[in-house]
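Architecture and fold: a report
Given next are the chains, with one letter for each unit.
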Amino acid sequence: DAMVIQNPRYQVTQFGKPVTLSCSQTLNHNVMYWYQQKSSQAPKLLFHYYDKDFNNEADTPDNFQSRRPNTSFCFLDIRSPGLGDAAMYLCATSPRTAQETQYFGPGTRLLVL
Amino acid sequence: SQQGEEDPQALSIQEGENATMNCSYKTSINNLQWYRQNSGRGLVHLILIRSNEREKHSGRLRVTLDTSKKSSSLLITASRAADTASYFCATDANSWGKLQFGAGTQVVVTP
């Protein structure tokens, strides 16, 4: 089945130690999104790619970076995780941008010690 | 800032009962979408309703949209224990499809 896959499902890192979360999709969608969701809160968009075009949200901290080496894969890099970065990170895709359903992966829960 | 505000924040019902949750938003929209999230999991798309539509159905789900009041409702009929989840509304209000999510309604269905 076509799907959005996130690895790992759980990630534990140390304060200040760089961490990379990965997302892959078999849907061949043009757009990939990264969201941060803290406990009992709404998902918050960090950035998105339309093909190779990167779009950063204005309030996304510089500590968060992303890479999309090809259509199928997208990575979220947190350069120096702080305790406040502990959250669920959700990857999503859509065929195009406007007026489309987004397809979410199962998420990666990040714990910062 | 959040575009959608959901009401109630939490809802507890018994199997077989109906569950209704509401979403209000602030600006004009292209469409409004409802998603479900089981605990510790990703979001699953339920229904997309466009700004020129007033009602949509999908199985036991019914969504209404009132653009004059900037509000939407999600009705789950004949609820089941498996419907236990958080339900989020999300509005698509700009040209490139950015979704803004509400804080969600946590629904618990007890057998």
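An account of the accompanying structure is given in this report.

What counts and how
- Residues numbered from 1 in each chain as written.
- Chains lettered and ligands numbered in written order.
- Predicted model: local features only at pLDDT ≥ 70, side-chain atom pairs only at ≥ 80, totals over all residues.
- Heavy atoms only, no water.
- Phe/Tyr/Trp six-rings, centres within 6.5 Å; stacked < 30°, edge-to-face > 60°.
- Helix = DSSP H or I, 4+ residues; strand = E, 2+ residues; numbered from the N terminus.
- Buried < 20%, exposed > 50% of the residue type's maximum accessible area, 1.4 Å probe, protein only.
- Pairing = 2+ DSSP bridges.
- Axes fitted to C-alpha atoms, helices over the stretch in contact; angles between N-to-C directions.
- Salt bridge = Lys/Arg side-chain N within 4 Å of Asp/Glu carboxyl O.
- Contact = heavy atoms within 4.5 Å.
- Disulfide = S-S within 2.5 Å.

Turning our eyes to something else, we now look at the packing of aromatic side chains. Aromatic ring pairs: the centre-centre distance and the angle between the two ring planes describe each pair. All names here are of chain A. Applying the stated rule across the entire model yields 11 aromatic pairs over all chains. Arranged with centres 6.1 Å apart and planes meeting at 35°, the rings of Phe64 and Tyr89 form a pair that is tilted. Here Phe64, found in strand S7 (residues 64-67), pairs with Tyr89, found in strand S9 (residues 87-94); they are 25 residues apart in sequence, far enough to count as distant. Judged by relative accessible area, which is 4%, Phe64 ranks as buried. For Tyr89, a relative accessible area of 0% corresponds to the buried category. Look at Phe73 and Phe75: their rings are 6.3 Å apart centre to centre, the planes differ by 15°, and that puts the pair in the stacked class.

Attention shifts here to the sheet that holds S7 of chain A. All names here are of chain A. Taken in spatial order, the 4 strands of this open sheet run S1-S3-S8-S7, and their pairing is antiparallel. Each edge of the sheet is formed by a strand with only one pairing partner; in this case those strands are strand S1 (4-7) and S7. Sheet twist, expressed as the mean angle between neighbouring strand axes with direction ignored, is 20°. Bridging between S7 and strand S8 (residues 73-78) involves 4 bridges; their strand directions are antiparallel. By the bridge assignment for S8, Phe64 is matched with Ile78.

A word on the pattern of salt bridges. Residues and elements named next belong to chain A. Under the defined criterion, the tally for this structure stands at 5 salt bridges over all chains. When the shortest N-O distance is used, the salt bridge between Arg67 and Asp77 registers 2.7 Å. Placement of the pair is Arg67 in strand S7 and Asp77 in strand S8, with a sequence separation of 10 residues. According to the relative accessible area criterion, Arg67 is partly exposed, its value standing at 39%. Residue class for Asp77 comes out buried when judged on its relative accessible area of 14%.

Bringing the side chain of Gln36 of chain A into the picture now. Assignment of secondary structure puts Gln36 of chain A in strand S4 (residues 31-37). Once residues within four sequence positions are removed from consideration, Gln36 of chain A is found in contact with Ala42, Pro43, Lys44, Leu46, Phe64, Asp85, Ala87, Met88 and Tyr89 of chain A.

Counted by the stated rule, this structure contains 2 disulfides over all chains. Here Cys23 of chain B connects covalently by a disulfide to Cys89 of chain B, the sulfurs 2.0 Å from one another. Here the disulfide of Cys23 of chain B and Cys89 of chain B is right-handed, its torsion about the S-S bond being about 65°. Remark: Cys89 of chain B occurs in strand S9 (residues 85-92) and Cys23 of chain B occurs in strand S3 (residues 19-24); sequence separation between them is 66 residues. By the burial criterion, Cys23 of chain B is buried, and Cys89 of chain B matches it. A disulfide-free cysteine, Cys74 of chain A has its sulfur positioned 6.1 Å from the sulfur of Cys91 of chain A, the nearest such atom. Cys74 of chain A sits in the buried class, given a relative accessible area of 1%.

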